Amino acid sequence: MTLEAPGEGSLDYMPCRYGRSRLLFRGPRRDLSGRFVAVLGGIETYGRYVRQPYPHLAEQATGTRVVNLGCPSAGPDAWLSDPGLMEVLQKAALTVIQVPPASDLTNRLYSVHPRRNDRFVKASPILRSVYRGVDFTDFAFTRHMLRTLFEAGPERFAVVVDELRAAWLSRMDRLLSTLPGRKALLWTGHRPPAARSDAPLHEPLLVDADMLRSLAPATDGLALAVPTPAALARGTEGMVFPALSEPAARGLPNAAVHRETATVLAGLIRSLA
């Protein structure tokens, strides 16, 4: 673990944009001419607090150019609404998508911020009618809201889960259908995909094995990068963050987890790219 004084010695992520995209990705900015693999994902792919995120390590292992398109807080809504990003993905020989949570997209029950998809914006009249006693102005993030709704009653929460899963499948199918090259999904949860569970407890939130099977015909593969207990036990070892950011760092993949994920991604690249 490396602790730095707040505001001092933090990693320089060299944030950059590609083409006309409005999203900021981890740099340094890569040359998109020629053959490359694109890795699309959230903060885990971006590699917050680690010097070498797994896309970079996979490039070292394979010799194939791997472009890190991880963007903290972004998900299918942000990706699909960004024509510049879609233009970049059109050029990729292989696009690997870190499986996103079902919580962070606009649906018939609530809306999220168009680019920071983990930010809750507004509940619909339908959701307010189901949860009449809930003050939705208390929520800034989707996870806080969903866990509060679950605790208010699992029976009512089943309505929310069904809507989120249907919206996720629709959005993911649309995303995959727009990609002309080969595409694969990368699961980075701490446990393998399981049978349906309506409890919003494990990442990627509310995504189960049946949902992944539904997408299988539209993809060229699915790889599971489930971290080993040994990697998780390393805590924040190898991470660089200001002292006040330690709680946030503990919730993100450490350097050992990134190395394990890179091994899985490298295998996917060798077989598909």
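Residues numbered from 1 in each chain as written. Predicted model: local features only at pLDDT ≥ 70, side-chain atom pairs only at ≥ 80, totals over all residues. Heavy atoms only, no water.

1. So, the sheet that holds strand 2 (residues 37-41)
Think of a sheet as strands paired side by side through backbone hydrogen bonds, with each pair either parallel or antiparallel.
Piece 1. Taking strand neighbours across the sheet as the criterion, the five strands line up as 3-2-4-7-8 in an open arrangement whose pairing is parallel. Across the chains shown, the open sheet's two edge strands, defined by having one partner strand only, are strand 3 (66-70) and strand 8 (222-224). For this sheet, the mean inter-axis angle between neighbouring strands, taken without regard to orientation, is 20°.
Piece 2. In this sheet, strand 8 lies alongside strand 7 (residues 182-187) in parallel orientation, the contact comprising three bridges. Residue pairing in the sheet places W187 in a bridge with L224 of strand 8.
Piece 3. Taken strand by strand, helix 7 (residues 154-178) contacts strand 2, strand 4 (94-98) and strand 7, and its axis lies near 165° from that of strand 4.
Piece 4. Sheet contacts for helix 11 (residues 255-272): strand 2, strand 3, strand 4, strand 7 and strand 8; angle to strand 7, the most-contacted strand, approximately 160°. (Pairing = 2+ DSSP bridges. Helix = DSSP H or I, 4+ residues; strand = E, 2+ residues; numbered from the N terminus. Axes fitted to C-alpha atoms, helices over the stretch in contact; angles between N-to-C directions. Contact = heavy atoms within 4.5 Å.)

2. Thoughts on helix 2 (residues 54-62)
Piece 1. Taken together, the buried positions of helix 2 are occupied by Y54, P55, L57 and A58. Burial along helix 2 is one-sided: seen end-on, the buried residues are contained in an arc of 160°.
Piece 2. Tucked inside the fold, the buried residues of helix 2 contact strand 2, helix 1 (43-46), strand 3, strand 4, strand 7 and helix 11.
Piece 3. Looking one or two residues past helix 2, G63 carries a phi angle of roughly 80°, positive in sign. (Buried < 20%, exposed > 50% of the residue type's maximum accessible area, 1.4 Å probe, protein only. Arc of directions from axis to C-beta.)

3. As for the pattern of salt bridges
It is possible for side chains bearing opposite charge to pair when their charged atoms get close.
Piece 1. Tallied over the full model, the rule gives 14 salt bridges.
Piece 2. Notably, a salt bridge pairs R196 with D162, separated by 2.9 Å at the nearest N-O pair. Taken together, the positions of R196 in the loop between strand 7 and helix 8 (209-215) and D162 in helix 7 put the pair 34 residues apart, joining distant regions of the chain.
Piece 3. Classification of D162 by relative accessible area gives partly exposed; the value is 43%. (Salt bridge = Lys/Arg side-chain N within 4 Å of Asp/Glu carboxyl O.)

4. A look at the environment of R128
Piece 1. Tracing the chain through its elements places R128 in helix 5 (residues 125-130).
Piece 2. Under the relative-accessibility criterion, R128 is labelled partly exposed at 38%.
Piece 3. Distance from R128 to Y49, taken between C-alpha atoms, is 38 Å for residues 79 residues apart in sequence.
Piece 4. Filtering out sequence-adjacent residues up to four positions away, R128 remains in contact with A123 and F136.

5. Side note on the pairing of strand 2
Remark: a regular strand shows side chains that alternate across the two faces of the sheet.
Piece 1. Along strand 2, five of the five residues are buried, which leaves the element largely enclosed by surrounding structure.
Piece 2. Every second residue of strand 2 is oriented toward a common face, with V37, V39 and G41 on one face and A38 and L40 on the other, all of them buried.
Piece 3. Across five bridges, the pairing between strand 2 and strand 3 is parallel. The residue bridging L40 from the neighbouring strand is L69, located in strand 3.
Piece 4. Here strand 2 runs beside strand 4; their pairing, made up of four bridges, is parallel. Within the sheet, the bridge partner assigned to V37 lies in strand 4 and is L94.

6. Points about the nonpolar core
Piece 1. Ranked by size, the top nonpolar core spans 54 residues in total, and within it L69, L127 and W168 carry the most contacts.
Piece 2. Top element by residues in this core is helix 7. It accounts for nine residues. (Core = buried A, V, L, I, M, F, W, Y, C linked by side-chain atoms within 4.5 Å.)

7. What about the confidence of the model for the protein?
Piece 1. The predicted model of the protein has a mean per-residue pLDDT of 94, with 97% of residues at 70 or higher.
Piece 2. Scored below 50 in pLDDT, residues 1-9 shows 22 contacts in the model against residues more than four places distant or in partner chains. (pLDDT = per-residue confidence, 0-100.)

8. Notes on helix 4 (residues 83-91)
Piece 1. The complete set of buried residues in helix 4 reads G84, L85, M86, V88 and L89.
Piece 2. In the core, the buried residues of helix 4 are packed alongside strand 2, strand 3, helix 3 (76-80), strand 4 and helix 7.
Piece 3. The N-capping residue of helix 4, defined by a side-chain oxygen 3.1 Å from the backbone nitrogen of G84, is D82. (Polar contact = N/O pair within 3.5 Å; in protein donor to acceptor, adjacent residues only side chain to side chain.)

9. Considering the pairing of strand 4
Piece 1. Along strand 4, five of the five residues are buried, which leaves the element largely enclosed by surrounding structure.
Piece 2. Side chains L94, V96 and Q98 of strand 4 all project onto a buried face; the interleaved residues T95 and I97 project onto the opposite face, where all are buried too.

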